Every structure is written in structure tokens, then in C-alpha cells.
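Examining the three-dimensional arrangement
Listed below, chain by chain, are the residues.
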Amino acid sequence: MSSLKYLSKRGMYDNYRTKIQQKGRRYIKTAITYAQVITKDVYTQNNGVIKTLEGEVKLTIGDYIAKDENSNLWIISARSIQENKKKISNVDRDGWAQYKNTKSVLALKMDKKFEVMLENNDTIHGSKGDYLVYNGYTYWPVKEEIFMNDYSPIS
């Protein structure tokens, strides 16, 4: 995912950025991420869109489709794969490889519903109780139950 705006309002975006930097805690994602590069074939097979838990997202060739052990899908930018993840398996016959996170993130449990507008103008949604996660350049929502299973606090 790329740079974001919250609720499509610059003031709200700045407010959330300040809030997560002041009140957010450091976490590391401990769950394995499965990812495949979005090639022209993958783009075509998915009609250029995937359905995530947070909403539909347009695909960009060169980025990655990611999934967890429950087959929940989301998008990861090529930059994020390169800077924040380590490939720990070969690509399987279906095009998926396993990745482990190498860097921590800031995260904050949100006290109300929120929207994240992606660089490509897609909007994804977080619910009250979900986490807003920030890795230094990208924000994204994570459902509370997934966050609790997949992330661990850093002391």
C-alpha cells in the first residue's frame, strides 16, 4: 500500500499521524506472510482487483498480493517487500513465497470507524477496535482479531 489520507481530509490525516506517533506502540508481525508478485497474468486472472477484508483494491503490476494462513488477501507494495520483509521460501508452483517481517511498526487501536484512502484512490475501511498500522511511510488497517494473533509488542 502507498501513502494514505484518512477520511479524505488533510486535517484528519495529520491528526491520525500525530496520534499514532504519540500514542502508538511498537510491534513486530510474527505471522508468516505469503505473497506473489502481480504479473500481467496475475492481474488478468483477478480482473485487476482483489477483495480484501477492508474493501476492494485495484492491483498494480509489480506490487504483491499477500495472504495469511486463512487466505485473507491484501496488497503489499514492492517497496515494502524489499524494505520490510525477508523471503524465507522458494516460490511454490502457484507463485507464492513465504516472507517474514524484519522491521517493527507503530500501531494504535482505533476508538472509532476510519477510512484509509490509498494512493490509487481506493478506500479501505477500519472498524472501531481495529488497529491502524504505520511502517514509516505507509498506513493500513488491521482487523482487531487478526492483529492480536499476528503481531507481538516490542518492549
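A brief structural summary. (Residues numbered from 1 in each chain as written. Predicted model: local features only at pLDDT ≥ 70, side-chain atom pairs only at ≥ 80, totals over all residues. Heavy atoms only, no water.)

**Observations concerning the packing of aromatic side chains**
Centre distance and the angle of the planes are the two values used to describe a pair of aromatic rings. Under the definition given, this model contains five aromatic pairs. Their ring planes at 75° and their centres at 4.8 Å tell us that Tyr27 and Phe147 sit as a pair that is edge-to-face. With Tyr27 in strand β2 (residues 25-29) and Phe147 in helix α4 (residues 144-150), this pair connects stretches of sequence that are 120 residues apart. Judged by its relative accessible area of 9%, Tyr27 is buried. Taken together, a centroid distance of 4.2 Å and an interplanar angle of 25° make the contact between Tyr134 and Tyr139 stacked. On the accessibility criterion, Tyr139 (2% relative accessible area) is buried. Lying across the ring of Trp96, Lys67 places its NZ or CZ 4.3 Å from the centre. (Phe/Tyr/Trp six-rings, centres within 6.5 Å; stacked < 30°, edge-to-face > 60°. Helix = DSSP H or I, 4+ residues; strand = E, 2+ residues; numbered from the N terminus. Buried < 20%, exposed > 50% of the residue type's maximum accessible area, 1.4 Å probe, protein only. Lys NZ or Arg CZ within 6 Å of the ring centre and 35° of its normal.)

**Describing the sheet that holds strand β9 (residues 97-101)**
The strand order β7-β6-β3-β9-β8 describes an open sheet built from five strands, whose pairing is antiparallel. This sheet does not close on itself; its edge strands, each paired only once, are β7 (73-76) and β8 (85-87). In this sheet, adjacent strand axes meet at a mean angle of 40° when their direction is disregarded. In the sheet, strand β3 (residues 33-37) pairs with strand β6 (residues 64-67) via four bridges, with the strands oriented antiparallel. For Val37, the partnering residue across the bridge sits in β6 and is Tyr64. (Pairing = 2+ DSSP bridges. Axes fitted to C-alpha atoms, helices over the stretch in contact; angles between N-to-C directions.)

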